[in-house]
Amino acid sequence: MANLVSVVMQFLTPDMIAKIASALGLDRNVAQKAIAGAIPALLASFADVGSTPNGARQLTNTLTQQSASLESLKNLIGGTGQNSLAETGSNMLSGLFGGGTLDAMAQTIGKFAGISEGTSKSMLGMLGPVVLGALGQQQRSTGLDASGLVSLLTSQKDQIAAAIPPGLAGQLSAAGLIDGATESLRSGAAAASAAGGRVSEVSERTISGAGRAASAMASRTSVPQWPYWLVAAAVLGGLAWFAFGRSGEDTVAQVPPPATTRTATGTVGLAPADLTVGGMNLANQINTSVGSIRTVLPGITDAASAEAALPKIKEATAQLNEVSSRATQLSPEGKSTLVKLIVAATPAINQMCDKVLATPGAGTIAKPAIDELRGKLDALARS
C-alpha cells in the first residue's frame, strides 16, 4: 500500500509549491515549511475524523463529492480558479473538522511557519482537496469501502506522525489537534536528545547519537520508572527528528545496536529491533545509500553533471535492492522499524529528485535512474 504522505508530497513538486507560494504572496521556503507541516497534520486529522462510524461515513461522502482529480488540481492552483479552490477546500475541511478546529489548525501552522492565520487558512483550503484527492485515489484504486479507508488511515498513523516536522507536533497537541500518542513520540525524542548531552549541537549528527542519548537515559535512576513503550518511542522519535531536522546533511537515521532488554528484576533497558541479516546491518546500509543520494542529487545542475551522477544513483539503488532482498528475513518489529527509516528519509529525497527532473538538460538524462530509485524506496516503504 502506497505511503499517503509520499503520495501527496510527490504531487507537490517544486513547481506546485512555487505556484502556491506565488498565489499566497509567500517566500517559497516559507511556503514549503508550512506545506511540510500541513500535509501530515491534515492526514492525522482525517484519521481522527474516521475513527467514529459517523465520521467515517462523512469522510467517505466528502471524497465522493469531490470531483476534482489530483491532475486537474494542477491547473486550478496558480490559475484563475485558485480562489474558488481555496474557498471550496476550506468549506470541505470545516464540514469535516468543524470551523473552530480548522481555525485552530490554521493558527497553529501559521505560527509554526511564520505566516498569518488568514494566509495559513487559505493554504489549507488549497491543500485540503489535494490530500482528499490522494485519499480518494487510493480508495478507488484499491476498492476500499468506508471501513477500509479508515483502516488505511489507521495503519499509517505512525508514518503520518513521523512526518510532522519537529516543533510542530507539540503545538498541534497543545491546540488539541492531534492525540497524545503523537506528541509522546516527539517528546520522547526531545528527552532523548537532551539526556544525550544535546546531541544536536555536536558535529556528528547521526541517529547513533540519539541511541547514545537513549542509553544514557536508561542508566539514570529515574528511567526504570519509564514504561518500556515510552523508551522505544523515544528512540523512534529520535529517528524521525534527526532525519527531518537535518535534511541538508549527508546522514540519515541509523538504528542503534541492540542493548539490554527487561530483566527479571524489572530494570528497563533498550530493545530496538535487530536489523542485522546475514552479517549486514540494514540500517547502516540504508544510511550509506541514502546519504550518497542526498550528496549526489544537489550536484546535478546540467547534462554533464547528470551523466556523472548516474553511477552513484544506480549504486545507491543497488544497495537499497540488497536491503529489500534481505528485509524479508526480519522480524515484524524489524520490518516496521525499517519502514520508518525509509519513510523519514523519502520526502527530502523526493524534493531533490523533483528539482533534478525540472532542471533543463539534466532531467531527461537522470529520469530513468531516478524513477528506479523512487520505485525501490516506495517498495521498501510498503514492505
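Values in this document were obtained by computation on a predicted structure and should not be read as measured data.

S.K.: Can you help me understand the confidence of the model for the protein chain in this one?
M.R.: A low pLDDT score tells you not to read the predicted coordinates there in detail. With 73% of its residues at a pLDDT of 70 or more, the protein chain has an overall mean of 74. Of the regions scoring below 50 in pLDDT, residues 180-235 engages in 84 contacts with residues more than four places distant in sequence or in other chains. Throughout residues 239-272 the model reports pLDDT below 50, and contacts reaching past four residues in sequence, or to other chains, amount to 93 contacts.

S.K.: How should I be thinking about helix 6 (residues 82-97) in this particular structure?
M.R.: Two residues of an α-helix separated by three or four positions point the same way, owing to the 3.6 residues in each turn. The end-to-end C-alpha separation of helix 6 is 22 Å, in line with the 22 Å expected for 16 residues at 1.5 Å each. Those residues of helix 6 not exposed but buried are Gln-82, Leu-85, Ala-86, Gly-89, Ser-90, Met-92, Leu-93, Leu-96 and Phe-97. Along helix 6, the residues classed as buried sweep out an arc of 165° about the axis, all on the same side. Turned more than 90 degrees from where helix 6 packs its buried face, Asn-83, Glu-87 and Asn-91 sit exposed. Immediately downstream of helix 6, the backbone of Gly-98 shows phi near 100°, a positive value.

S.K.: Can you help me understand the nonpolar core in this one?
M.R.: If you look at soluble globular proteins, the nonpolar side chains tend to sit buried side by side. In terms of nonpolar packing, the biggest core is built from 63 residues, with Leu-12 and Phe-46 touching the most fellow members. Broken down by element, this core gets its largest block of residues, 12 residues, from helix 3 (residues 28-49). Residues in contact with Leu-12, not counting those within four places in the same chain, are Ile-17, Ile-20, Ile-35, Ile-39 and Leu-127.

The rules behind these values
Here the residue numbers are simple positions, counted from 1 along each chain's written sequence. Side-chain atom pairs in this predicted model are given and counted only at pLDDT of 80 or more, local residue features only at pLDDT of at least 70, and totals for whole chains, interfaces and linings cover all residues. Excluding hydrogens and water, the side-chain figures rest on all heavy atoms present in the structure. A residue's pLDDT is the predictor's confidence in that residue, given on a scale from 0 to 100. Two residues form a contact once any of their heavy atoms are found within 4.5 Å. Secondary structure elements follow DSSP: runs of H or I of four or more residues count as helices, runs of E of two or more count as strands, with numbering from the N terminus. The span expected for a helix works out to 1.5 Å for each residue beyond the first. Relative accessibility under 20% of the residue-type maximum defines a buried residue, over 50% an exposed one, and the middle range a partly exposed one, all with a 1.4 Å probe and only protein chains included. Of all possible arcs, the one meant is that of the directions from the helix axis to the C-beta atoms. By convention a nonpolar core is built from buried Ala, Val, Leu, Ile, Met, Phe, Trp, Tyr and Cys residues, the set being connected through side-chain atoms within 4.5 Å.

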